[in-house]
Amino acid sequence: MNQRSVLTMNYLSVDEIMSILNDAMSFSSSHQDWQLSKPRLIANLFFEPSTRTHYSFVSAEHQLGCKVVDFIAESSSTQKGESLYDTVKTFETIGYEALIIRHTENSYFDQLENISVPILNAGDGCENHPSQCLLDLLTIYQEFNTFENIKLLIVGDIKHSRVAHSNVETMKRLGGEVRLSGPEFLVDDKDLYMPIDEAVEWADAVMMLRIQHERHEDTLMMSKEEYLANYGLTKERAARMKDHAIIMHPAPINRDVEIDSDLVECKQSRIFEQMKNGVYIRKAMLKRAFDEKF
Ligand code: CP
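All values reported here derive from a predicted model rather than from experimental measurement.

This part covers the site of the ligand. In the vicinity of the ligand, the contacting residues are Ser50, Thr51, Arg52, Thr53, Arg102, His129, Gln132, Pro250 and Ala251. In the model, an oxygen atom of the ligand is placed 2.8 Å from a nitrogen or oxygen of the Thr51 main chain. Within the contact set of the ligand, an oxygen atom lies 2.9 Å away from a side-chain nitrogen or oxygen of Arg52. For the ligand, the accessible surface in isolation is 250 Å², of which the surrounding protein chains cover 91%. Of the residues in the shell around the ligand, the class split is two nonpolar, five polar and two charged.

Written out as structure tokens, the structure is:
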């Protein structure tokens, strides 16, 4: 595996995380037009739907002067039974210099040990979403200028969320505190559980998650209205957040399910800033992948 790959947040030391955040902040200000020293050939292999991650990687790649190809799983030889390894090995063999991969399978990258080009994980099953975690960290850092003692509340379908799993581990490593809320059977780390009404008053950042129905074996037997009232961010709960606290969501959002639609673009919301930060972070990850300097 290439040392410049980022498959989980554990691939990055705290210093490397801060270096990526600093580069991302430079991309948002002093280095907006900076490009890689040569036009790298990059393939985006998304085996699962995506809007933000896929197209912000594409935006980042174009801004850095890369040549970009989007793999289409439905019209590829995976339909003839070709394995993930053979597909990825083919991309490496025919000249692609970095691969962005999202796949439904947990830790799909364990099969890719023999691949030499950098791989940036764009999400695997329920486990890891490092580029999302980094853009979430950037959003928190821009707000508070530190992670020390910052209280992050993550609410919703924690069990099936690669966003939650990446953020819990990393925020703790950076000195923050994390609590989890939502339907108790969907909170897999019971030690971190806090009831929503208490938790919204505790948090500096409230990150709402959607229910990931595509990863559920059972249907959640609850109406949208019931879910919002019991577990969601209502206007009443938002009014009890600290004055400085922010609202986050990785999106896609199910408006009026996990969050009242009126809160999505309210003053405390940083949801669209997160998306904007996604491009800066992915530029910084690509810069690191090719070991380039400003
Ligand atoms: N946040 C996120 O991963 O969104 P997409 O699934 O649209 O990429």
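We now examine the state of the cysteines. Per the stated rule, a full pass over the model turns up zero disulfides. Cys133 takes part in no disulfide bond, and the closest cysteine sulfur to it belongs to Cys126, at a distance of 16 Å. Looking at Cys133, the relative accessible area reads 1%, which means it is buried.

Moving on to the packing of helix H4 (residues 130-144) against helix H5 (residues 162-173). As a packed pair, H4 and H5 sit with axes 9 Å apart at the nearest point and diverge in direction by 55°. When the interaxial angle is binned, H4 and H5 end up oblique. The handedness of the crossing between H4 and H5 is right-handed. Within the contact between the two elements, H4 uses Pro130, Gln132, Cys133, Asp136, Leu137 and Ile140 and H5 uses Val163, Ser166, Asn167, Thr170 and Met171. Residue composition of the contact of H4 with H5, by class: six nonpolar, four polar and one charged.

Counting 56 residues, the largest nonpolar core has Leu21, Leu134, Leu137, Phe147, Ile154 and Ile281 as the members making the most contacts within it. When residues in this core are grouped by element, the largest group, eight residues, is from H4. Excluding anything up to four places from it in sequence, Ile154 contacts Ala164, Asn167, Val168, Val178, Arg179, Leu180, Ser181, Met207 and Leu209. Formed by 19 residues, the second largest nonpolar core is a distinct cluster that contains Leu153, Val200, Val206 and Ala238.

Okay, the sheet that holds strand S3 (residues 98-103) next. Adjacent strands of a sheet form backbone hydrogen bonds with each other and so pair up, either parallel or antiparallel. If you trace the four strands from one edge of the open sheet to the other, you get S2-S1-S3-S4, paired in parallel fashion. Bordering the open sheet on either side are strand S2 (67-72) and strand S4 (119-124), each of which pairs with just one other strand. Adjacent strand axes in the sheet meet at a mean angle of 15°, parallel and antiparallel pairs treated alike. Two elements, S3 and S4, share four bridges in a ladder whose sense is parallel. If you follow His103 over to S4, its bridge partner there is Asp124. The strands touched by helix H2 (residues 52-63) are strand S1 (41-46), S2, S3 and S4; relative to S1, the strand with the most contacts, the crossing angle is about 175°.

Moving on: the side chain of Asn277. Mapped onto the elements of the fold, Asn277 is located in helix H9 (residues 271-289). Those residues in contact with Asn277 that sit more than four places away from it in its chain are Leu135, Leu138, Thr139 and Gln142.

Attention now goes to helix H1 (residues 14-28). Here H1 is 15 residues long and its end C-alpha atoms lie 21 Å apart, about the 21 Å a rise of 1.5 Å per residue gives. Where H1 is concerned, the buried positions are Ile17, Met18, Ile20, Leu21, Asp23, Ala24, Ser26 and Phe27. Elements in contact with the buried residues of H1: H4, H5 and H9.

Turning to a negative patch on the surface, a few remarks are in order. A cluster of like negative charges, contributed by Glu105, Asp110, Glu113 and Glu127, occupies part of the molecular surface. Of note, Asp110 is situated in the loop between S3 and S4.

Below, the discussion takes up the environment of Gly232. Turning to its location among the elements, Gly232 is positioned in the loop between helix H7 (224-231) and helix H8 (235-239). The class for Gly232 is buried, based on a relative accessible area of 0%. Taking the C-alpha atoms as reference points, Gly232 and Gly156, 76 residues apart in sequence, are found 7.8 Å from one another. Excluding residues that lie within four positions of it along the chain, Gly232 makes contacts with Ile196, Met208, Tyr227, Arg237, Val257 and Glu258.

Rules behind the numbers
- Residues numbered from 1 in each chain as written.
- Predicted model: local features only at pLDDT ≥ 70, side-chain atom pairs only at ≥ 80, totals over all residues.
- Heavy atoms only, no water.
- Near = heavy atom within 4 Å.
- Polar contact = N/O pair within 3.5 Å; in protein donor to acceptor, adjacent residues only side chain to side chain.
- Areas by Shrake-Rupley, 256 points an atom, 1.4 Å probe, with all protein chains shown as cover.
- Nonpolar A, V, L, I, M, F, W, Y, C, P; charged D, E, K, R; others polar.
- Disulfide = S-S within 2.5 Å.
- Buried < 20%, exposed > 50% of the residue type's maximum accessible area, 1.4 Å probe, protein only.
- Axes fitted to C-alpha atoms, helices over the stretch in contact; angles between N-to-C directions.
- Helix = DSSP H or I, 4+ residues; strand = E, 2+ residues; numbered from the N terminus.
- Parallel < 35°, antiparallel > 145°, perpendicular 65-115°, else oblique.
- Left-handed = near helix turned anticlockwise from the far one by under 90°.
- Contact = heavy atoms within 4.5 Å.
- Core = buried A, V, L, I, M, F, W, Y, C linked by side-chain atoms within 4.5 Å.
- Pairing = 2+ DSSP bridges.
- Expected span 1.5 Å × (residues − 1).
- Patch = residues over 30% accessible without salt bridge, like charges linked within 9 Å, V, L, I, M, F, W, Y side chains within 5 Å.
- Salt bridge = Lys/Arg side-chain N within 4 Å of Asp/Glu carboxyl O.
- Lys, Arg positive; Asp, Glu negative; His and termini not counted.
- Charge placed at Lys NZ, Arg CZ, Asp CG, Glu CD.

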